[in-house]
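Chain and residue survey
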Amino acid sequence: MADEKSVMAVIRAARPTFRNNHDKLAFLVHASFLASGHVLTATGSSADASFSSPSTDEVGLDHWNDLEDNYAFVYINPENGSKKVLVKCLVMGNILVVDALAQGASEPVHLEIDVGQYVEEDGTANYSGQFKNLDKLVKFLDTEILSKLNGSPKLSSLETGEGSRRNINDHGVGIYEPTGPQPHPSG
């Protein structure tokens, strides 16, 4: 499990250059995967081909943000059988849509992140000053992406309201709406 400090340590160690606020969030998603024990095996335009290839060689961050309005990463998790995970982030207005597909899974896990809730608008050079609500976002990524990919979905009362299945009441408690058809209460 990643936490705020380990994710920020990964960001500081990598010293990435950000073109925009979406870059910041996409890199934070990447840092969360690394901080949780994943190993990067491909980035950018080579990610799709790498996902289906047998190679599991670790790579650097070259070209991670070369694509316009989308990002792609492939990881393995040596602690979880080294299955590959393809992560794609797509810019849609002020939202970063994150989809992650584990090798052999039939459907991806999905998350929508509101850029304004997690990125500071002032242009400070200090990495920790470029984000806000970082602890909340890291926990959200762990609950909605990382835990589900590792086969241990967790429910958290610290949710942010993004996504089509989750709403937050006035007390910050997650309200879970059923997905798919539900039986009528009368039977």
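Predicted, not measured: the structure shown is a model, and the values here were computed from it.

The strand order across the open sheet formed by five strands is β1-β2-β3-β4-β5, and the pairing between neighbours is antiparallel. With partners counted over all chains shown, the strands left at the sheet margins are β1 (39-43) and β5 (109-114), one partner each. Along the sheet, successive strands turn relative to each other by an average axial angle of 25 degrees, direction set aside. In the sheet, strand β4 (residues 95-102) pairs with β5 via six bridges, with the strands oriented antiparallel. Pairing of A100 across the sheet is with V109, part of β5. Contacts from helix α2 (residues 21-35) reach β1, β2 (70-76), β3 (84-92), β4 and β5 within the one sheet, and its direction differs from that of β2 by about 5 degrees. With respect to the sheet, helix α5 (residues 134-149) is in contact with β3, β4 and β5, its orientation differing from that of β5 by roughly 165 degrees.

The next subject is α2. A rise of 1.5 Å per residue sets the reference length of α2, with its 15 residues, at 21 Å; its end C-alpha atoms lie 21 Å apart and thus fit the reference within 8%. Of all 15 residues in α2, twelve are buried; the element is thus mostly enclosed. Among the residues of α2, H22, D23, K24, L25, A26, F27, L28, V29, H30, A31, S32 and F33 are the ones counted as buried. Residue N20 occupies the N-cap position of α2, its side-chain oxygen lying 3.0 Å from the main-chain nitrogen of H22. G37 sits one or two residues past α2 and shows a positive phi near 105 degrees.

Applying the stated rule across the entire model yields five salt bridges. The partner of R19 in a salt bridge is E68, and the shortest N-O contact between them spans 3.9 Å. Remark: E68 occurs in the loop between α3 (47-52) and β2 and R19 occurs in the loop between α1 (4-14) and α2; sequence separation between them is 49 residues. Within the structure, one salt-bridge network assembled from shared partners comprises R19, D23 and E68.

Chain-level pLDDT for the protein chain is 82 on average; 80% of the residues reach the 70-or-more range. Across residues 153-178, confidence stays below pLDDT 50; counting only partners more than four residues off in sequence or on other chains, it has 51 contacts. Every residue in residues 182-187 is under pLDDT 50, and counting partners more than four places away or in other chains gives zero contacts.

A word on the environment of R15. Within the secondary structure, R15 is located in the loop between α1 and α2. Sequence separation of R15 and Y127 is 112 residues, and the distance between their C-alpha atoms is 8.5 Å.

Turning our eyes to something else, we now look at the packing of α2 against α5. The angle between the axes and the distance between the axes are what describe a pair of packed helices. The contact between α2 and α5 brings their axes to 10 Å, and the two run at 60 degrees. It follows from the interaxial angle that α2 and α5 lie oblique. Of the two possible hands of crossing, α2 and α5 adopt the one that is right-handed. Residues L25, L28, V29, S32 and F33 of α2 form the contact with α5, whose participating residues are L134, L137, V138, L141, I145, L146 and L149. Considering only residue class, the contact of α2 with α5 consists of eleven nonpolar, one polar and no charged.

Reading guide: rules and limits
- Residues numbered from 1 in each chain as written.
- Predicted model: local features only at pLDDT ≥ 70, side-chain atom pairs only at ≥ 80, totals over all residues.
- Heavy atoms only, no water.
- Pairing = 2+ DSSP bridges.
- Helix = DSSP H or I, 4+ residues; strand = E, 2+ residues; numbered from the N terminus.
- Axes fitted to C-alpha atoms, helices over the stretch in contact; angles between N-to-C directions.
- Contact = heavy atoms within 4.5 Å.
- Expected span 1.5 Å × (residues − 1).
- Buried < 20%, exposed > 50% of the residue type's maximum accessible area, 1.4 Å probe, protein only.
- Polar contact = N/O pair within 3.5 Å; in protein donor to acceptor, adjacent residues only side chain to side chain.
- Salt bridge = Lys/Arg side-chain N within 4 Å of Asp/Glu carboxyl O.
- pLDDT = per-residue confidence, 0-100.
- Parallel < 35°, antiparallel > 145°, perpendicular 65-115°, else oblique.
- Left-handed = near helix turned anticlockwise from the far one by under 90°.
- Nonpolar A, V, L, I, M, F, W, Y, C, P; charged D, E, K, R; others polar.

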